[in-house]
Amino acid sequence: MAAALQTNIRPVKFPATFRALTKQSPAPFRVRCCAVNSAGKKRYNITLLPGDGIGPEVVSIAKNVLEQAGSLEGLSHWGVEFSFREMPVGGAALDLVGVPLPEETVSAAKDSDAVLLGAIGGYKWDKNEKHLKPETGLLQLRAALKVFANLRPATVLPQLVDASTLKREVAEGVDLMVVRELTGGIYFGVPRGIKTNENGEEVGFNTEVYAAHEIDRIARVAFETARKRRGKLCSVDKANVLEASILWRRRVTALAAEYPDVELSHMYVDNAAMQLVRDPKQFDTIVTNNIFGDILSDEASMITGSIGMLPSASLSDSGPGLFEPIHGSAPDIAGQDKANPLATILSAAMLLKYGLGEEKAAKRIEDAVLGALNKGFRTGDIYSNGTKLVGCKEMGEEVLKSVDSQVHASV
Ligand code: IPM
Ligand code: MG
């Protein structure tokens, strides 16, 4: 089967409309090209990394939604098919082969067109040594795929305004994007470690370090992203204290000359944390370093009501992107059919849009999620009085139905 497909691989001639769409692709990345099989369908190889906790539940649902949305593409123009390969990562990989990121997982991910990850981590591995922690596997994967640009949108959907912990008038209409640097800074800087100093006392230390090229490339992604949104970019740093931030601010400011249509501002991270809950609507696109982005994106997610709603895309210059919900593995509800699959389903939409340039199929999925919410379906994390409480599987089925109904509506 695979061999037959191989022989039918030929260069894709995209229709003009497709080229136009990819040109408008939201970030300055090269979208992945694909093979075309004998039935004239575009075919993409996707690596699935379900991981731990609720990861396998939500990934299996997102996989079905992806397949459905792709197959419906064939009704209007080119069909889109996926070939999935599931690989272990995190705690699941530790249990299977003793490391959190097996080499086979890295090569499968690198060889594919895009990677969809569930979540990693759990109580079972919490006490492991650092190199044997599930989180280490995730950081190694980001480094191996060189996915330096992490896009984390936080949008308050009208259907979920009341799920926000902020007052309706503060939360309503929030639509921001955190562009987080993902493969540098204190997460990866050296020297790092725990040692005993001259007084015999233990000290732990890390290094916040950014080279100019690392700042420039993430800033460019952020300027391009802001340009395609509302044209406002806020760069968040701690330039009143940290040298790495002083350089960050200097480089971002210098690049602004190339993007006269984008309004650039700067904010210290402590102030940004405060402004995000005081008046989140002032933000359009935020660009920041690895650790500030980690913290601020969790904060931004709560404005939207639930971290269970938010997807993310991690992109490199040219290789496959890594797409994952920003929530964790939620071991307390794993295997109980209580997880919210929407963040992973929306990550699959980001995979189509940012990773493969399949913007139409991506939109199908986004609309289907809104459709299921409009019908009142809610998982526990976003439940409010008067809505219908459903489990993870049922929410997935409702999204699938909603994908289908769009087709019937358009035929
Ligand atoms: C995230 C997570 C990770 C991070 C952890 C699990 C290593 O919090 O993706 O935001 O800190 O980047
Ligand atoms: Mg985080």
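Since we're looking at a predicted model, the values are computed, not measured.

## Side note on the overall build of the chain
A count of helices and strands for the chain gives 14 helices and 15 strands. The 411 residues of the chain split such that 54% are buried. In the chain, the share of contacts with a sequence separation of at least 24, taken over all contacts with a separation of at least 6, comes to 74%. Per element, the accessible surface of the chain, about 18,000 Å² overall, is 54% carbon and sulfur.

## Looking at the site of ligand 1
In the region of ligand 1, the neighbouring residues are Glu135, Arg142, Arg152, Arg180, Tyr187 and Asp294. Between ligand 1 and Tyr187 there is a distance of 2.5 Å, counted from an oxygen atom to a side-chain nitrogen or oxygen. The protein chains hide 76% of the 320 Å² of surface that ligand 1 would expose on its own. Residues belonging to the shell around ligand 1 are distributed by class as follows: 1 nonpolar, no polar and 5 charged.

## A word on the environment of Val89
Within the element layout of this structure, Val89 appears in the loop between strand 3 (80–86) and helix 4 (91–97). Residue Val89 is classed as buried on the basis of its relative accessible area, which comes to 0%. Linking Val89 and Val99, residues 10 residues apart in sequence, is a C-alpha distance of 8.4 Å. Ignoring sequence-local partners within four residues, the contact set of Val89 consists of Leu49, Gly51, Asp52, Pro100, Leu101, Leu117 and Ile120.

## As for the packing of aromatic side chains
The geometry of an aromatic ring pair is captured by two quantities: the separation of the ring centres and the angle between the planes. A full pass over the atoms with the stated rule returns 4 aromatic pairs. Taken together through their ring pairs, the aromatic side chains of Tyr44, Phe82 and Phe84 make up a single cluster. For Arg180, the ring lying beneath its charged end belongs to Tyr187, and the centroid distance is 5.3 Å. Over the face of the ring belonging to Phe377 we find Lys388, whose NZ or CZ atom lies 4.7 Å from the ring centre.

## Considering a nonpolar patch on the surface
Nonpolar side chains collect at one region of the surface, where Leu96, Val97 and Val99 lie side by side and expose about 280 Å² of accessible area between them. Structurally, Val97 is set in helix 4.

## Brief notes about the packing of helix 10 (residues 269–278) against helix 11 (residues 290–303)
Contact geometry of helix 10 with helix 11 gives a least axis separation of 10 Å together with a crossing angle of 10°. What the angle tells us is that helix 10 and helix 11 run roughly parallel. Where helix 10 abuts helix 11, its residues Val269, Ala272, Ala273, Leu276 and Val277 lie against Phe292, Leu296, Glu299 and Ile303. The class makeup of the residues in the contact of helix 10 with helix 11 is 8 nonpolar, no polar and 1 charged.

## Describing the pattern of salt bridges
Counted according to the given criterion, the structure contains 19 salt bridges. For Asp294, the salt bridge identified is with Arg180, shortest N-O distance 3.8 Å. Placement of Asp294 in helix 11 and of Arg180 in strand 6 (residues 175–181) is noted, with a sequence separation of 114 residues between them. For Asp294, a relative accessible area of 26% corresponds to the partly exposed category.

## Describing helix 9 (residues 243–255)
Its 13 residues give helix 9 an end-to-end C-alpha distance of 19 Å, which sits within 8% of 18 Å, the value for a rise of 1.5 Å per residue. Here helix 9 has its buried residues at Ala244, Ser245, Trp248, Val252 and Leu255. Along the long axis of helix 9, the arc covered by the buried residues comes to 90°, so they all point the same way. With respect to the buried face of helix 9, the exposed residues turned more than 90 degrees away are Glu243, Arg250 and Ala254. On its buried face, helix 9 is in contact with strand 6, helix 8 (212–228), strand 9 (232–237), strand 10 (263–268), strand 11 (285–288) and helix 11.

Criteria and thresholds
Residues numbered from 1 in each chain as written. Chains lettered and ligands numbered in written order. Predicted model: local features only at pLDDT ≥ 70, side-chain atom pairs only at ≥ 80, totals over all residues. Heavy atoms only, no water. Helix = DSSP H or I, 4+ residues; strand = E, 2+ residues; numbered from the N terminus. Buried < 20%, exposed > 50% of the residue type's maximum accessible area, 1.4 Å probe, protein only. Contact = heavy atoms within 4.5 Å. Areas by Shrake-Rupley, 256 points an atom, 1.4 Å probe, with all protein chains shown as cover. Near = heavy atom within 4 Å. Polar contact = N/O pair within 3.5 Å; in protein donor to acceptor, adjacent residues only side chain to side chain. Nonpolar A, V, L, I, M, F, W, Y, C, P; charged D, E, K, R; others polar. Phe/Tyr/Trp six-rings, centres within 6.5 Å; stacked < 30°, edge-to-face > 60°. Lys NZ or Arg CZ within 6 Å of the ring centre and 35° of its normal. Patch = residues over 30% accessible without salt bridge, like charges linked within 9 Å, V, L, I, M, F, W, Y side chains within 5 Å. Salt bridge = Lys/Arg side-chain N within 4 Å of Asp/Glu carboxyl O. Axes fitted to C-alpha atoms, helices over the stretch in contact; angles between N-to-C directions. Parallel < 35°, antiparallel > 145°, perpendicular 65-115°, else oblique. Expected span 1.5 Å × (residues − 1). Arc of directions from axis to C-beta.

Geometric values such as these leave the question of function open.
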